[in-house]
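Summary of structural features
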Amino acid sequence: MSSTARRLYVRRDTFPIAGTFRISRGAKTEAEVVVAEVVESCKRGRGECVPYARYGESLDETVKTLESLAGAVADGLDRERLRALLPPGAARNALDCALWDLEAKQAGKPAWRLAGLPDAPKKLTTCYTLSVDEPAAMAASAKTRAADHPLLKMKLTGEGDLDRVRAVREAAPATRLIVDANEAWTLEMLHRFAPVLAELGVELIEQPLPAGEDEALRGIDCPVPLGADESCHGLDSLDRLKGIYRVVNIKLDKTGGLTEALLLKQAAQEAGFDIMVGCMVATSLAMAPAVLLAQGARYVDLDGPLLLAEDRTPALHYDGGTLCPPAPELWG
């Protein structure tokens, strides 16, 4: 192999979370990520992913999957061939984003131009996520964050959720609210909770029921719009969500990278869905490609680095809830 051939490097990184991040499925105190780095001559492209056990992924298997592609990368693997080789998921995301980054640096053009976006990325308003906790603790967190974050996202878990939302609403009366049940509710809970949540000014309910039970939502008259998260992955998941959800949450780790995420966003918009762009708890390197995707989205949930005790250097710049586009030194 020549000294200028493409090389793939894969590693695991761990970043401490500020406190504990809790959702309905469990809690964690650190973000474990996998980084793919593609180097050719003096240019380097990087991408970061978060393998998610909910989708049958692990750190070890993700690393092995990526390392198995070293020969293909050396032979010039591009993003379209990568989409054919790997299914949507974390491994493909890391390498896809690394290839975007490398292509931008080799072309001397920003990634947004390569993606065919009409304008340079603008600043975004991202929500800030409140971990599920006792009502008083969530209210205290909301009160602390409300001044700098005009949109809060509450993680919920089932019984007791109305008390949680009431407490947060009282602590942050002027703040916009969305809630995310992470598949933890039943249909009965949704019918019982939704009218109260509407009165409390909640704008969106994310993934109330387990993925796979979406048909139970078809035709219901819900006073709060419903959003698909765990039910929405790549392009092939979109058709079955029509007529059930108003919003789809697009995450790079679910779509398997920016390449498919851009296609999914376009198809979702053409099908009449509103767009939410979300993330896992990860560093600025994982958020940076999603900033391109999030341009024009109705909801932006790219607060992963804000939940960490420390981020990468260089990092994205956040001014409260305002997220600035990435510098090329970080990505793209």
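Residues numbered from 1 in each chain as written. Predicted model: local features only at pLDDT ≥ 70, side-chain atom pairs only at ≥ 80, totals over all residues. Heavy atoms only, no water.

By the naming in an unreviewed UniProt entry, the chain is Dipeptide epimerase, taken from Azospirillum aestuarii. A UniProt comment under Sequence similarities (unreviewed entry) is attached to the chain, and it reads "Belongs to the mandelate racemase/muconate lactonizing enzyme family." (UniProt positions renumbered as here; feature names shortened; annotations may be inferred.)

On the secondary structure map, Lys153 appears in strand β6 (residues 151-155). Exposure remark for Lys153: the relative accessible area of 1% places this residue in the buried category. In terms of polar contacts, Lys153 uses its side chain to reach the side chain of Glu206, at 2.8 Å. With residues near it in sequence (within four places) discarded, Lys153 still touches Cys127, Tyr128, Thr129, Leu130, Ile178, Asp180, Glu206, Asn249, Met276 and Asp301. (Helix = DSSP H or I, 4+ residues; strand = E, 2+ residues; numbered from the N terminus. Buried < 20%, exposed > 50% of the residue type's maximum accessible area, 1.4 Å probe, protein only. Polar contact = N/O pair within 3.5 Å; in protein donor to acceptor, adjacent residues only side chain to side chain. Contact = heavy atoms within 4.5 Å.)

All told, the structure shown has 2 aromatic pairs when counted by the stated rule. For the ring pair Tyr52 and Tyr55, a centre distance of 5.2 Å and an interplane angle of 80° mean the geometry is edge-to-face. Assessed through its relative accessible area of 24%, Tyr55 is described here as partly exposed. Seen from their ring centres, Trp185 and Phe193 are 4.9 Å apart, and the 80° between their planes marks the pair as edge-to-face. Phe193 carries the same exposure label as Trp185, and that label is buried. Positioned above the aromatic ring of Trp100 is the side chain of Arg79, whose terminal nitrogen or guanidinium carbon lies 3.7 Å from the ring centre. (Phe/Tyr/Trp six-rings, centres within 6.5 Å; stacked < 30°, edge-to-face > 60°. Lys NZ or Arg CZ within 6 Å of the ring centre and 35° of its normal.)

Our next topic: the pattern of salt bridges. Scanning all chains against the criterion turns up 29 salt bridges. Between Arg312 and Asp13 there is a salt bridge; the shortest N-O distance is 3.1 Å. In this pair, Arg312 sits in the loop between β12 (299-300) and β13 (318-319) while Asp13 sits in strand β1 (residues 7-23), placing the two residues 299 residues apart along the sequence. We note that Arg312, like Asp13, is buried. In this structure, a network of salt bridges that share partners links the residues Arg11, Asp13, Glu37, Arg44, Glu48 and Arg312. (Salt bridge = Lys/Arg side-chain N within 4 Å of Asp/Glu carboxyl O.)

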